[in-house]
Amino acid sequence: MDIAALAIPEVKIIRPKKFGDHRGFFSETYSKRAFEAAGLMLEFVQDNQSLSAEIGTVRGLHYQLPPFAQDKLLRVVRGAVFDVAVDIRRDSPTFGQHVSAVISAAEWNQILIPVGFAHGFCTLEPDTEVIYKVTNLYSPEHDRGLLWNDPDLGIDWPVAAGAARLSDKDHNNPRLAQAAELF
């Protein structure tokens, strides 16, 4: 398993090894031992899965407040996403900055988004299926979000605002400057 830091080093790209033969392939997509050897002491407690039927579906930017804050390990099992992590830790030198990566079934890569980051993605292919592990249970009372296309964040999304497919909740999230509860 290869683990590499992005420009904000707390966010990681993970590439599990894939072993193939005439039958198909085998891959260990998560290993507690490999994570701990890389200094990532995480205990995942819930797996989530989403299916987005159309290109340009945006989910995010989401986060949960303590004591239900979540680390997320996301992988794509069908299709591809443009994935974004925004640093929302007020005392961080990279507060308000973001990193992004294309995560896809074809690339067989994953992204680790730590506590203190808002997370979202935009589908790049139809029928994109995403699976992600989290380190804390879902808590509606602690669930928060930021406006996905807040101009202050400067995210170069691969979809125009008018073409993005959003939930009502995501469409109405506050901008970073108006978000009362961050880290």
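So, a few notes on the structure that sits alongside this text. The structure displayed is predicted, hence computed values, not measured ones.

What to know about the overall build of the chain
Working step 1: Each helix and strand counted, the chain has two helices and 13 strands in total.
Working step 2: Taken against the 2.2 N^0.38 rule, which gives 16 Å for 183 residues, the C-alpha radius of gyration of the chain at 16 Å falls within 12% of a compact globule.
Working step 3: Overall, the chain is about 55 × 35 × 30 Å in size when its C-alpha atoms are taken along their principal axes.
Working step 4: Counting over 183 residues, the chain shows a buried share of 49%.
Working step 5: Of the roughly 9300 Å² of accessible surface on the chain, 51% is carried by carbon and sulfur atoms.
Working step 6: Of the charged side chains in the chain, 18 are positive and 24 negative; the average position of the first set lies 4 Å away from that of the second.

What about the sheet that holds strand β2 (residues 12–15)?
Strand-to-strand pairing in sheets goes through backbone hydrogen bonds, with the strands running parallel or antiparallel.
Working step 1: Read from one edge of the open sheet, six strands run β1-β2-β10-β7-β12-β5, paired in antiparallel fashion. Both edges of this open sheet fall to β1 (2–5) and β5 (46–52), since each of them pairs with a single strand only. Direction aside, the axes of adjacent strands within the sheet are offset by 25° on average.
Working step 2: Looking at chain direction, β1 and β2 are connected through four bridges and run antiparallel. Paired with Ile3 across the strands is Ile14, a residue of β2.

Some thoughts on the environment of Asn172
Working step 1: Mapped onto the elements of the fold, Asn172 is located in the segment after α2 (168–171).
Working step 2: The sequence separation of Asn172 and Ala106 amounts to 66 residues, and the corresponding C-alpha distance is 33 Å.

Here we look at the environment of Phe19
Working step 1: Looking at the element boundaries, Phe19 is found in strand β3 (residues 18–21).
Working step 2: When sequence neighbours within four positions are dropped, the list of residues in contact with Phe19 reads Gly24, Phe25 and Phe26.

Observations concerning the sheet that holds strand β6 (residues 58–64)
Working step 1: Reading across the sheet, the five strands line up as β9-β8-β11-β6-β13 and stay open at both edges, with antiparallel pairing between neighbours. Both outer strands of the open sheet, β9 (98–104) and β13 (143–145), are each paired with one neighbouring strand and no more. On average, each strand axis in the sheet is tilted by 25° relative to the strand beside it, whichever way the strands run.
Working step 2: Relative to β9, strand β8 (residues 80–87) runs antiparallel, the two sharing seven bridges. Along β9, the bridge assignment pairs Phe82 with Val102.

Details of the pattern of salt bridges
Any two side chains of opposite charge can pair, given that their charged atoms come close.
Working step 1: Scanning the entire structure with this criterion turns up 13 salt bridges.
Working step 2: For Glu36, the salt bridge identified is with Lys32, shortest N-O distance 4.0 Å. Here Glu36 pairs with Lys32, and both are found in helix α1 (residues 32–37), just four residues apart, close to one helical turn.
Working step 3: Asp87 is paired through a salt bridge with Arg89; the nearest N and O atoms lie 2.8 Å apart. Comparing Asp87 with Arg89 shows no difference in burial state: the two are buried.

Observations regarding the pairing of strand β4 (residues 24–27)
Working step 1: Pairing geometry for β3 and β4, over four bridges, is antiparallel. Within β4, the residue paired with Gly20 across the bridge is Phe25.
Working step 2: Taking the residues that link successive antiparallel strands as the turn, the β3-β4 hairpin has two residues.

Here we look at unusual backbone geometry
Working step 1: Between Gly60 and the following residue, Leu61, the backbone shows a cis peptide bond with an omega angle of 10°.
Working step 2: If you trace the backbone, Leu61 turns up in strand β6.
Working step 3: Cis geometry marks the peptide bond from Pro66 to Pro67; its omega dihedral reads 5°.
Working step 4: Counting through the fold element by element, Pro67 comes out in the loop between β6 and β7 (72–78).
Working step 5: Of note, the phi angle at Trp108 is positive, near 55°, even though the residue is not glycine.
Working step 6: You can see Trp108 is positioned in the loop between β9 and β10 (110–113).
Working step 7: For Trp108, a relative accessible area of 16% puts it in the buried group.
Working step 8: In this structure, Asp127 takes a positive phi of about 55° despite not being glycine.
Working step 9: Inspection of the secondary structure puts Asp127 in the loop between β11 (117–123) and β12 (128–134).

About the cut-offs
- Residues numbered from 1 in each chain as written.
- Predicted model: local features only at pLDDT ≥ 70, side-chain atom pairs only at ≥ 80, totals over all residues.
- Heavy atoms only, no water.
- Helix = DSSP H or I, 4+ residues; strand = E, 2+ residues; numbered from the N terminus.
- Rg over C-alpha atoms; globule rule 2.2 N^0.38 Å.
- Buried < 20%, exposed > 50% of the residue type's maximum accessible area, 1.4 Å probe, protein only.
- Areas by Shrake-Rupley, 256 points an atom, 1.4 Å probe, with all protein chains shown as cover.
- Lys, Arg positive; Asp, Glu negative; His and termini not counted.
- Charge placed at Lys NZ, Arg CZ, Asp CG, Glu CD.
- Pairing = 2+ DSSP bridges.
- Axes fitted to C-alpha atoms, helices over the stretch in contact; angles between N-to-C directions.
- Contact = heavy atoms within 4.5 Å.
- Salt bridge = Lys/Arg side-chain N within 4 Å of Asp/Glu carboxyl O.

Honestly, it's all geometry; don't read function into it.
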